[in-house]
Amino acid sequence: MKKLNFCKLAGAVLAAALMSSTASAQTIRLTAASSHPPVLPWVGVLKDYVVPESNRRLEARGSKSRIEWTEAYSGALFGPSEALKGVEDGIADVAWIGTMFEPGKLPLHNVHFYAPFVVSNAADAAAIGNDLHEKMPALNAELAKYNQVHLGSMGDATFHLITKTPIKSLADLKGKKLLAGGAVARWLEGTGAIAVNSSFPEFYNNIATGVADGAVMTLTGMVPFKIHEVAKYVTLVDLGAPITGALTINADTWKKLPPDVKVVFTELGKEYSAKVTAQVGANEDRFLKVMRDAGVSITTLDASERLKWATALPNLSAEWVKLNESKGLPARNVMNAFLKDAGARGAKPVRDWSK
């Protein structure tokens, strides 16, 4: 009898607590995470803007909801290739997902990697990424398959080369082992270079220990990861500015959020894209100066050699479309939408990938 009365009392206390919580401010506990460090714009904006701004925005809207954040960056919860799975399983609620590391699971999100030498700046890449999510339901369905919702696309700076020895022509790439994350490896096909799959945090050690002779990467990654300390030659190639990732939220978490919190996250997702691209653009010029001051040789690949590179590549777009159409995916429509959007923004492709 005493045990029964105790259980009744405990139940009453719990019910009262829940009612009190509902009547007053609602605390929502979320985890924000990334496989990469906050020194990179796409993680820094999550940490320094999205997380703190979420509660400021809720307060300004007069919402009773507040978010209690747990933050885990720099691979504390998962590495680059486990991020998609981490959000899918709810290890993190909101995270930067490197879509470039998931060409198999997220093929449509990697469309731009199969049309290099097209988009040259992060702002256009991010805008195209967001447009594709609005116009192509298949991209949202692709993320939904892994239990997550797209909040905002992340565009990065265009890719270049950083190597231990000078690269003055396409012929200089022959036999060179170059680090290239995920689908970027395909940009080296036909050049004579050997692609070594790796992610930015691993580049320094891989070059320092002789695993590779250099890397295909963005200027925005060279200085934060100190790659210029082990590879003193930068060759500006403008291989293309990709949509390398996205800010996503676990779908189960999303379903449970109050409507006003969903509105705030929808707003912050678009703002995330804009703020990341603004930082990326500012960092490009700043990092070029840092590397020049550090004695790094910075040259631009001649336009004729750039054309040779683009021409030497296999018909990446046609191969990608054929492969993914055979799996029932609307790859041709996505590729055409990407190229059309890029053209509308003034892109001047070195090679016509629509053929």
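Let us look at the structure shown here.

Calculation rules
- The numbers attached to residues start from 1 for each chain and follow its sequence in the written order.
- With pLDDT at 70 or above as the cut-off, local features in this predicted model cover only qualifying residues; side-chain atom pairs require 80 or more to be listed or tallied, and sums for whole chains, interfaces and linings still use all residues.
- Only hydrogens and water are set aside when side-chain values are computed; all heavy atoms of the structure are taken into account.
- Residue types Ala, Val, Leu, Ile, Met, Phe, Trp, Tyr and Cys, when buried and joined through side-chain atoms within 4.5 Å, form a set referred to as a nonpolar core.
- Only protein chains enter the accessibility calculation, which uses a 1.4 Å probe; a residue is then buried when its area is under 20% of its type maximum, exposed when over 50%, and partly exposed in between.
- Only DSSP runs of H or I covering at least 4 residues are called helices, and only runs of E covering at least 2 are called strands; the numbering of each starts at the N terminus.
- For a helix, the expected span equals 1.5 Å multiplied by the residue count minus one.
- At every residue, the bend is computed as the angle between two fitted axes, covering the seven residues ending there and the seven beginning there respectively.
- When DSSP finds at least two bridges between two strands, those strands are taken to pair.
- Any Lys or Arg side-chain nitrogen located within 4 Å of an Asp or Glu carboxyl oxygen qualifies as a salt bridge.
- An axis is simply a line fitted to the C-alpha atoms; with a helix, the fit covers only the stretch in contact. Between two such axes, the angle follows the N-to-C directions and lies from 0 to 180 degrees.

### Brief notes about the nonpolar core
Part 1 of the argument: Counting residues in hydrophobic clusters, the biggest one holds 101 residues, and the most contacted among them are F265, Y272 and W309.
Part 2 of the argument: It is helix α9 (residues 259-293) that contributes the most residues to this core, ten residues altogether.
Part 3 of the argument: Within the second largest apolar cluster, twelve residues are counted, among which are A72, L84, A95 and L106.

### A closer look at α9
A turn of α-helix holds 3.6 residues, and therefore any two residues three or four places apart point the same way.
Part 1 of the argument: Here α9 contains 35 residues, and its C-alpha end-to-end distance of 51 Å stays within 8% of the 51 Å for a straight helix at 1.5 Å per residue.
Part 2 of the argument: The largest bend along α9 reaches roughly 25 degrees and is located at E284.
Part 3 of the argument: After α9 finishes, the residue G295 shows a positive phi value of roughly 90 degrees.

### Side note on the pairing of strand β10 (residues 243-250)
Part 1 of the argument: Of all eight residues in β10, eight are buried; the element is thus mostly enclosed.
Part 2 of the argument: As paired strands, strand β3 (residues 94-97) and β10 are joined by four bridges and run antiparallel to one another. Paired with A95 across the two strands is T248, which belongs to β10.

### Brief notes about the pattern of salt bridges
Part 1 of the argument: Scanning the model with the defined rule gives 16 salt bridges in all.
Part 2 of the argument: Across the pair E134 and K270 runs a salt bridge, and its minimum N-O distance is 3.0 Å. Of this pair, E134 sits in helix α4 (residues 122-135) while K270 sits in helix α9, and the two are 136 residues apart along the sequence.
Part 3 of the argument: The exposure class of E134 is exposed, given its relative accessible area of 55%.
Part 4 of the argument: Looking at K270, the relative accessible area reads 40%, which means it is partly exposed.
Part 5 of the argument: The shortest N-O distance in the salt bridge between R306 and D238 comes to 3.3 Å. Of this pair, R306 sits in helix α10 (residues 303-312) while D238 sits in the loop between β9 (233-236) and β10; the two residues are 68 residues apart in sequence, bridging distant segments of the chain. In this structure, R306 and D238 share a single accessibility class: buried.

### Some points on the sheet that holds strand β5 (residues 159-163)
Part 1 of the argument: Taken together, the six strands give an open sheet; going across it, the order is β7-β6-β8-β5-β9-β11, and neighbouring strands pair in mixed fashion. Taken across any chain shown, the strands that pair with only one partner, and hence form the sheet edges, are β7 (194-196) and β11 (297-300). Adjacent strand axes in the sheet meet at a mean angle of 30 degrees when their direction is disregarded.
Part 2 of the argument: Summarising the sheet, strand β6 (residues 177-179) and strand β8 (residues 214-218) pair through two bridges and their orientation is parallel.

### A closer look at the sheet that holds strand β1 (residues 26-33)
Hydrogen bonding along the main chain pairs the strands of a sheet, whether they run parallel or antiparallel.
Part 1 of the argument: Reading across the sheet, the five strands line up as β2-β1-β3-β10-β4 and stay open at both edges, with mixed pairing between neighbours. Lying at the two open borders of the sheet, with one neighbouring strand each, are β2 (65-72) and β4 (148-155). Shown here is a sheet whose adjacent strand axes are inclined to one another by a mean of 25 degrees, direction ignored.
Part 2 of the argument: The pairing of β1 with β2 spans eight bridges and is classified as parallel. Bridge pairing in β2 places T31 opposite T70.

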